[in-house]
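# Report on the structure
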Amino acid sequence: MLDAKIPAGPLDKKWENYKGHCKLVNPANKRSLEVIIVGTGLAGASAAASLGELGYKVKAFCFQDSPRRAHSIAAQGGINAAKNYQNDGDSVYRLFYDTVKGGDYRAREANVHRLAEVSGNIIDQCVAQGVPFAREYGGLLSNRSFGGTQVQRTFYAAGQTGQQLLLGAYSALERQVALGNVTLYNRHEMLEIVKIDGKARGIIARDLITGKLERHFGHAVLLASGGYGNVFFLSTNAMGSNVTAAWKATRKGAFFGNPCYTQIHPTCIPVSGDHQSKLTLMSESLRNDGRIWVPKKKDDNRKPADIPEDERDYYLERRYPAFGNLVPRDVASRAAKERCDAGYGVGSSKQAVYLDYAAAIERYGKIEAGKRGVHSPSPELVRQLGVEVVAEKYGNLFEMYEKITGENPYEVPMRIYPAVHYTMGGLWVDYELMTTVPGLYALGEANFSDHGANRLGASALMQGLADGYFVIPYTIGNYLADEIRTKAIPTDHPAFVEAEQQVKANIDRLMSIKGTKSVDSFHRRLGKIMWDKCGMARNEKGLKEAIEEIKALRAEFWKDVRIPGTADEFNPELEKAGRVADFLELGELMCIDALNRRESCGGHFREESQTEEGEALRDDANFAYVAAWEYKGDSSYELHKEPLIFEEAKPTQRSYK
Amino acid sequence: MNLTLKVWRQKNKNDQGRFETYQVQDISSEMSFLEMFDVLNERLINEGKEPIAFDHDCREGICGMCSMHINGRAHGPWAGTTTCQLHMRAFKDGDTITVEPWRASAFPVLKDLTVDRGAFDRIIEAGGYISVNTGNAVDANAIPIPKDKADAAFAAAACIGCGACVAACKNSSAMLFVSAKVSQLALLPQGDPERSTRALNMVAQMDKEGFGSCTNTGACEAECPKEISLTNIARLNREFIRSGFTYEK
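Only a predicted model underlies this, so the values are computations on that prediction, with no experimental measurement involved. (Residues numbered from 1 in each chain as written. Chains lettered and ligands numbered in written order. Predicted model: local features only at pLDDT ≥ 70, side-chain atom pairs only at ≥ 80, totals over all residues.)

The next thing to look at is the sheet that holds strand 16 (residues 426-427) of chain A. Residues and elements named next belong to chain A. Spatial strand order, 16-10-18-19: 4 strands in an open sheet with antiparallel pairing. Whereas interior strands pair on both sides, the edge strands pair on one side only; in this sheet they are strand 16 and strand 19 (637-643). Of the pairings in the sheet, the one linking strand 10 (residues 256-257) to strand 16 comprises 2 bridges and is antiparallel in character. Considered in strand 16, the bridge of Phe256 is made with Leu427. Along the sheet, helix 17 (residues 572-596) contacts strand 10, strand 18 (625-631) and strand 19; its crossing angle with strand 18, the most-contacted strand, is approximately 140 degrees. (Pairing = 2+ DSSP bridges. Helix = DSSP H or I, 4+ residues; strand = E, 2+ residues; numbered from the N terminus. Contact = placed C-beta atoms within 7 Å. Axes fitted to C-alpha atoms, helices over the stretch in contact; angles between N-to-C directions.)

As structure tokens, then:
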């Protein structure tokens, strides 16, 4: 049985007790302990900065040209924290409860409670770093609402919250680089974990410019390498986002938790053609003020402005009056799919719904006019003032929409459709964020821990920074305290030599195929299988087919992929090939996991398990566990179960009605 | 639409480099500029040729990785737009488009359209931060910051570090980039204790990296995809002069 090492005691005292009793490392010993961190997004950069500040010798790796490019930068809407600055009834308990419920009772209570406890510290830390959050006229911080909650606890910086938080963490990281505590390896990709006597002791990395393989020792290795949404080819992830670091760890004995839990985000710009390389998110914050609708009549080809109010179906408001347009993402996505599948979709593809700002513009315009003492404002003035307010709140998102679609969303409602956005699954970790390989940790989106089967909006940034700033600095000490007698292991140790040979053999094998089809062509085909059969709705037949199709595609890939150039130079096609090879294995495991979980929960919707109203139907008696998969060789995985015990948030049918 | 592309090809740092001409057919106006490159690269791979290396990642205008000089303009013809957000609507059938990497000696070319922007990281290392260790912060609302100050700091902080300002500048100056960070932190009370050393050290590092001087031409502001304002450079100049007069070692 998996041991999550959850501390004893009442839920709200566990973290305090842990901090009071975990082992410490004295400053002199910290200087001789080396920590490797893979990934420099919110989790990786905040961990690298914090561990550097503590005095550990840190090596940080990223495949981009600078740590500031990590995909956390693209997070738009905001970050949650239980500050209760709005006096609207928020508390640590409420944030904990909303997160467990939002995750459809598939997250570990103790981790989620800790996350809620440290959430306030994150905001304090970021403000101290100079993160320019939105403020009110009194100079205090502003908040907005996000899906799945009834309080305003989301802090934001226009539609660029992730950017501002990452730049804060990046600047803290660069400060440690300047002080000599962190060494940075940009344009480097981790390609193998090195294990010695069962413990993670380093990595093999490829210098992406020279192609040279490098060996790096660490007393501990932290993976903060993000999620695996790009297995679908089309997603809101960056082009380079990949599962390679986590997958290499899986093959070296780290269990993979809940791989089938993927988040399909309801508000993205729809696909426009076969050339599409990625999808663009329109922040969930837009659902604060925007109203989602489709025509009441099937195949209604009128322009949106020509469809009168009483012929519009505001289906989220209709189905979920309590939360309306702010239901959680999984619910909103399925509702959009349901309307489009039923023939009510809009736009040329009919795979889109409207996100309409007309009502918000009018409402804000009237408020502004009132503030200025204009008592019967003209419609033009109301509109002008309303547009100004909306532009201040969401201007960059509206501009982005216009650049991509060529339509002005201030005048025409946006067309949106769900797209792959985030993966709740990831490397299984215990309470200390350690994987099943001693000394190997996973942080941020790379682990499975806090969001259950569905992540609430504005919680990814919170979790990434919680893990890096406030959790790992404590929990890693508890491990490294026993490592103070371990001298740095020279990298000519046989384990390093062997790991490097393995990496080299894999690269040579890829380069020697010299087939006929590009890496992207395989990636697209994998993405289509995953989207059609392991996407927003899944069933037994489809998943079984998908497993066979992926196996066949993988075999074809290893026979027929074409990678131009050589391995000892800057070769983006080779990088992509390695990542797609890993996605071709992960995709199969996702389907295996989805097939095993014969219930619906959160983002995992099994068509066989739904209520009469089409809502996800959980099966707590049989599936209240974390599925942690152990790699046993090609296409072979063993399931380990971590039972989920709910002491505080008692599972109920999740209702947003 | 059908287009002629003249693209800078350079095998590595030491190669001299040259323009190659490519014809691309059936490009949809809905494609992004980089998707048009994807189409070309797919074809080159199928023809057994080496695809064109270019930096890109988020493809939504925020990571700052994409960096093409298109028809003589950093990120191409649209104002306030990164290369990845430029769409083919901006061009018409039969156009010839010239694509180069950023040209600046502080940004050496690594391959084709990919350059090394490590100099920007080193400038941040020189002082683009507030020295506050994790766990040292007071409550976030303990220091009220006037909204206009916070908004101005945010506007400066919106810089994505892409380097278009350098590429657009006839002197290859990095003043807009440096001034954006200095301004953000100078506008906030949290940044005050290190205000003097920050401006001096970041400018010193900028000079050391080999960026040119600023002559207030304003090409940087005109080409910046995030429309970072030239007033930040004025603020940097004030910060720098003030530091020179007031800072005691």
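A word on the domain arrangement of chain A. All names here are of chain A. Structurally, chain A comprises domain 1 (11-261 + 424-483), domain 2 (265-420) and domain 3 (513-618). In this structure, domain 1 and domain 2 have C-alpha centres spaced 32 Å apart. Listed as interface residues are 22 residues of domain 1 and, on the opposing side, 25 residues of domain 2. When the residues that make up the side of domain 1 that touches domain 2 are grouped by side-chain class, the tally is 7 nonpolar, 14 polar and 1 charged. (Domains from an automatic or database assignment. Nonpolar A, V, L, I, M, F, W, Y, C, P; charged D, E, K, R; others polar.)

The next thing to look at is the interface of chain B and chain A. Chain B puts 65 residues into the contact, and the matching count from chain A is 64 residues. Contributing elements (two or more residues each) for the side of chain B that touches chain A: helix 1 (33-46), strand 6 (109-111), helix 2 (118-125), helix 3 (147-157) and helix 5 (175-186) of chain B. At 7 residues, helix 1 of chain B tops the list of elements feeding residues into the side of chain B that touches chain A. Its residues assigned to classes, the side of chain B that touches chain A shows 30 nonpolar, 19 polar and 16 charged.

Across its 21 residues, helix 16 (residues 540-560) of chain A extends 30 Å between first and last C-alpha, which sits within 8% of the 30 Å expected from 1.5 Å per residue. Looking at the packing, one finds that the buried side of helix 16 of chain A touches helix 15 (519-533) and helix 17 of chain A. (Expected span 1.5 Å × (residues − 1).)

Residue and element names in this part refer to chain B. Following both chains from N to C, one finds helix 3 and helix 5 inclined at 155 degrees, their axes separated by 8 Å at the closest point. Considered as vectors, helix 3 and helix 5 are oriented roughly antiparallel to each other. The two elements helix 3 and helix 5 cross, and the hand of that crossing is left-handed. Two secondary-structure elements touch here, helix 3 through Ala153, Ala156 and Ala157 and helix 5 through Ala180, Ser183 and Gln184. For the contact of helix 3 with helix 5, the per-class residue count stands at 4 nonpolar, 2 polar and no charged. (Parallel < 35°, antiparallel > 145°, perpendicular 65-115°, else oblique. Left-handed = near helix turned anticlockwise from the far one by under 90°.)

Residue and element names in this part refer to chain B. When its domains are assigned, chain B resolves into domain 1 (3-111) and domain 2 (117-246). Put simply, the middle of domain 1 and the middle of domain 2, counted by C-alpha atoms, are 29 Å apart. Between domain 1 and domain 2, the contact holds 18 residues from the first and 17 residues from the second.

What follows covers the packing of helix 6 (residues 195-208) of chain B against helix 8 (residues 231-246) of chain B. Residues and elements named next belong to chain B. For the pair helix 6 and helix 8, interaxial distance at closest approach is 8 Å and the crossing angle is 110 degrees. Considering the angle they form, helix 6 stands roughly perpendicular to helix 8. The two elements helix 6 and helix 8 cross, and the hand of that crossing is left-handed. Between helix 6, through Arg195, Ser196, Ala199, Leu200 and Val203, and helix 8, the contact on the second element is made entirely by Leu236, Glu239, Phe240, Ser243 and Thr246.

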